[in-house]
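What follows is each chain in one-letter form.
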Amino acid sequence: MTALIGNLGDLVIGGLRSTGRGAILLRSILLQLRFSWRMRAEIMEQMQVVAIGSLPLVITTSVFVGAVTAVQAVYQMQAYVPMKFLGVMISKSVFIELGPVLIALVVGSRNCASYAAELGTMKVTEQLDAMEIMAIDPVRYLAMPRFLASVLMLPIATILANAVAIFGGYLASVFTLDVTSSTFIEGLRLFYDPLDLIGGLIKSLIFGGIIAMSGIYFGFNTEGGAEGVGKATMTAVVGSCLSILVADYLLAIVLFQIIFNK
Amino acid sequence: MEARDTALPLLPDQRVADPASFAGVVIEGVSKRFGSKQVLDGTDLLIRKGETLVIIGRSGEGKSVLLKNIVRLLEPDAGRIWIEGQEVTGLNQRDLMNLRKKFGFLFQGAALFDSMTVCKNVGLMLEEHTDLSAEQIRSRACECLALVGLDNVDDKLPSALSGGMKKRAGLARAIVMEPEYILYDEPTTGLDPITGDAINDLIVKLQKELGVTSIVVTHDMPSAFKIADRMAMLARGRIQFTGTVEEVRTTDHPMVRQFIEGNATGPLGAF
């Protein structure tokens, strides 16, 4: 029993310590944003890595998300709700929840793992030490461009994902579910509220920060060799996914219950 | 500016009376612990400006830890370090960064940046800390690569280089800003004897041509004897012996004798 309480205490203290260190790292990254122009080449490079590398994943995920949403919606609606509401159901689901969250989980996991593994390998092979001894701040040179790229590119990926998901929903509805093209498009226009889209994009902006922070933090704090890199990568991805889900709930309350709910 | 005395007599415990007026590096009472293992335990050491000091000792005795403490890649738990009269242990981040520009560091595994070409690796410091044009940076990087005997590797990635070439590229990166101090962490470890000797020659050449102060950590005795002006033996968390190459060769100090003769029995133990 004593051991159990001890382990629980260690876990809580470890969690608090990580949170504190994460907050200090975030502050350092935000302070380094003033060098964004000077670091524009690295930032652009990271943005390309996120955008181009994630493109196939975004398109594949989104087209099926849209299609599945259409199939499930038709199944739920049949005999109760007119099909003209299909479009609005899909668009609202995609804009508010599915687009930002699924893209954050799928693309985010990819980027988070990539950041943690790359920076973790640099840590265990003394490349971070080499950078420090060269009087180059790794937070400015490595962390800030990745953070900014993730924060800026995730909303863009989400916009693309939203469009592709709607298109996937359209294809599934028209070609497999006997919904006419005009009914689907009429539904899309029905109850369209730009705040749904804006809310989703605000969420993805914050998710982009969470993903980058998790990858960078665990990468920078990697210990040991290959095993340590693997462990850091796994922890970063799990931490990022859990944080996204918790943040999603909190943001849903703040954005859609408090700010947008006039 | 006040002239610094490079010939202050060493006190028996490797301390100087006034570290702030010593030209070189003064390490005073530095301790470092990792978990339950006390790696450095009140280490004292002096490194004179312009000399090549080789720190020898068994693996795991804290030689690399001591090296990293000098430039604060690791923070000492206790003790103080001065470099040219400036107390490193008390520096803020900005001053520390400025001080580090005086240093080159050759890491054991070279620590070249995987994602950058060799040329970019070597030129990165110039890119960050000077106003030189891209052309000038490339030219200077090629010059340094040529100095360490590397030609036609500028646009290669480090993964395309052999171990010896990586070490030489790491050395080119370390000297690109013409540092006053170069720290070498096991420069010949993992290399074949011929490549290792070529690295030794480079270290001697750089010391002679650039007049740098070199601190070399190694347990490769032929290398140590070849490059050292002075040697220090680290064991049990402290410097146990310092002396010239000749003094090390002829000393009766049991730890030094056991180490340089490679005996499994003696005060250092076998495991």
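Residues numbered from 1 in each chain as written. Chains lettered and ligands numbered in written order. Predicted model: local features only at pLDDT ≥ 70, side-chain atom pairs only at ≥ 80, totals over all residues.

Q: Please clarify how the overall build of chain B should be interpreted in this entry.
A: Scanning chain B from N- to C-terminus turns up 9 helices and 10 strands. Since a compact globule built from 271 residues should have a radius of gyration of about 18 Å, the 19 Å found for chain B is in line with a globular shape. With respect to the three principal axes, the spread of C-alpha positions in chain B is 55 × 45 × 40 Å. Expressed as a percentage of the 271 residues in chain B, the buried residues total 43%. Across chain B, the fraction of contacts at a sequence separation of at least 24, relative to all contacts at a separation of at least 6, is 63%. (Helix = DSSP H or I, 4+ residues; strand = E, 2+ residues; numbered from the N terminus. Rg over C-alpha atoms; globule rule 2.2 N^0.38 Å. Buried ≥ 20, exposed ≤ 12 C-beta atoms within 10 Å, placed from the backbone. Contact = placed C-beta atoms within 7 Å.)

Q: I'm lost on the environment of Ile159(A) in this one. Help?
A: When you line up the elements, Ile159(A) lands in helix 5 (residues 138-176). Considering only alpha carbons, one finds Ile159(A) and Gly200(A), 41 residues apart in sequence, at a separation of 9.2 Å.

Q: Is there a simple way to think about the pairing of strand 3 (residues 52-56) of chain B in this case?
A: Residues and elements named next belong to chain B. Extensive coverage of strand 3 is indicated by the burial of 5 of its 5 residues. Here strand 3 shows no split at all, with Thr52, Val54 and Ile56 on one side and Leu53 and Ile55 on the other all buried. Strand direction decides the pairing type here: strand 3 and strand 8 (residues 213-218), joined by 5 bridges, are parallel. Pairing of Ile55 across the sheet is with Val217, part of strand 8. Summarising the sheet, strand 3 and strand 9 (residues 230-235) pair through 4 bridges and their orientation is parallel. For Leu53, the partnering residue across the bridge sits in strand 9 and is Arg230. (Pairing = 2+ DSSP bridges.)

Q: Please explain the interface of chain B and chain A as it appears in this structure.
A: How big an interface is tends to be stated in terms of accessible area lost as the parts join. Taken together, the contact between chain B and chain A spans 15 residues of the former and 10 residues of the latter. When contributions to the side of chain B that touches chain A are tallied by element, the ones reaching two or more residues are helix 2 (93-100), strand 6 (103-106) and helix 3 (118-129) of chain B. Among the elements that line the side of chain B that touches chain A, the one with the most residues is helix 3 of chain B, at 4 residues. Here the side of chain B that touches chain A is built from residues that sort into 10 nonpolar, 2 polar and 3 charged. (Nonpolar A, V, L, I, M, F, W, Y, C, P; charged D, E, K, R; others polar.)

Q: Quick question: what am I supposed to make of the sheet that holds strand 9 of chain B here?
A: In a beta sheet, neighbouring strands are held together by backbone hydrogen bonds and run either parallel or antiparallel to one another. Residues and elements named next belong to chain B. The 6 strands lie next to each other as 6-7-8-3-9-10, forming an open sheet whose pairing is mixed. Only two strands of the sheet have a single partner each, and these edge strands are strand 6 and strand 10 (238-244). Recorded for the sheet is a direction-independent mean angle of 15° between the axes of neighbouring strands. Relative to strand 10, strand 9 runs antiparallel, the two being bridged by 6 bridges. Each residue of the ladder has a partner; that of Met231, found in strand 10, is Gly243. (Axes fitted to C-alpha atoms, helices over the stretch in contact; angles between N-to-C directions.)

Q: Could you clarify how one ought to interpret the environment of Ser182(A) in this entry?
A: Residue and element names in this part refer to chain A. Looking at the element boundaries, Ser182 is found in helix 6 (residues 181-189). The exposure class assigned to Ser182 is exposed, which follows from the 10 C-beta atoms found within 10 Å. Placed 98 residues apart in sequence, Ser182 and Lys84 show a C-alpha to C-alpha distance of 8.9 Å.

Q: In this structure, what is going on with the packing of helix 2 (residues 40-77) of chain A against helix 3 (residues 86-124) of chain A? I would like to understand it.
A: Helix-helix packing: each pair is described by the crossing angle between the helix axes and the interaxial distance. All names here are of chain A. Running from amino to carboxyl end, helix 2 crosses helix 3 at an angle of 145°, the nearest separation of the two axes being 9 Å. Viewed along their axes, helix 2 and helix 3 form a crossing whose handedness is right-handed. Only Leu86, Met89, Ile90, Ser93, Val94, Leu98, Leu102, Ile103, Val106, Val107, Arg110 and Asn111 of helix 3 make contact with helix 2, whose side of the interface consists of Val50, Ser54, Leu57, Val58, Thr61, Val65, Gly66, Thr69, Ala70, Ala73, Val74 and Met77. Looking at the contact of helix 2 with helix 3 residue by residue, the classes come out as 17 nonpolar, 6 polar and 1 charged. (Left-handed = near helix turned anticlockwise from the far one by under 90°.)

Q: For this particular structure, what's the right way to read the confidence of the model for chain A?
A: Detailed reading of the predicted model is not advised wherever pLDDT is low. When pLDDT is averaged along chain A, the result is 91; 100% of the residues meet or exceed 70. Per-element mean pLDDT across chain A ranges from 87 in helix 6 of chain A up to 95 in helix 4 (residues 127-133) of chain A. (pLDDT = per-residue confidence, 0-100.)

Q: Got a minute to help me understand the nonpolar core in this structure?
A: Most often, soluble globular proteins keep nonpolar side chains buried together rather than apart. Core analysis: the largest hydrophobic core is formed by 144 residues, its most contacted members being Leu145(B), Ala172(B) and Leu183(B). When residues of this core are assigned to their parent elements, the largest contribution, 20 residues, is made by helix 3 of chain A. In this structure, Leu145(B) is in contact with Val118(B), Val122(B), Leu150(B), Val153(B), Asp154(B), Ala169(B) and Ala172(B), ignoring residues within four places of it in sequence. (Core = buried A, V, L, I, M, F, W, Y, C linked by C-beta atoms within 7 Å.)

Q: Help me understand the sheet that holds strand 2 (residues 37-48) of chain B in this model?
A: Residues and elements named next belong to chain B. Taken in spatial order, the 4 strands line up as 2-1-4-5 in an open sheet, and their pairing is antiparallel. Bordering the open sheet on either side are strand 2 and strand 5 (86-87), each of which pairs with just one other strand. The sheet contact formed by strand 4 (residues 78-83) and strand 5 spans 2 bridges and is antiparallel. When the bridges of strand 5 are listed, Ile83 appears paired with Gln86.

Q: How should the pairing of strand 1 (residues 24-34) of chain B be read in this particular structure?
A: It is a general feature of regular strands that their side chains alternate between the two faces of the sheet. Residues and elements named next belong to chain B. Two strands pair when backbone bridges link them, and strand 1 and strand 2 are joined in this way by 9 bridges, in the antiparallel orientation. What sits directly across from Lys32, in strand 2, is Leu40. Linking strand 1 to strand 2, which pair antiparallel, is a turn of 2 residues; within it Gly35 sits at a positive phi near 60°. Inspection of the sheet shows strand 1 paired to strand 4 by 5 bridges, in the antiparallel sense. Looking across to strand 4, one finds that Ser31 is bridged to Ala78.

Q: Just checking my understanding: could you explain helix 4 (residues 134-147) of chain B for this structure?
A: For an α-helix, the turn length of 3.6 residues means that residues three or four places apart are oriented alike. Residue and element names in this part refer to chain B. For helix 4, with 14 residues, the first-to-last C-alpha span of 20 Å sits near the 20 Å given by 1.5 Å per residue. The inward-facing, buried residues of helix 4 contact helix 3 and helix 5 (163-175). Once helix 4 finishes, Gly149 follows within two positions and takes phi at roughly 80°, a positive value. (Expected span 1.5 Å × (residues − 1).)

Q: Could you clarify how one ought to interpret the environment of Gly266(B) in this entry?
A: All names here are of chain B. With respect to the helices, strands and loops of the structure, Gly266 is situated in the segment after helix 9 (254-261). Classification of Gly266 by C-beta neighbours within 10 Å gives partly exposed; the count is 14. Excluding residues within four positions of it along the chain, Gly266 makes contact with Pro254 and Gln258.

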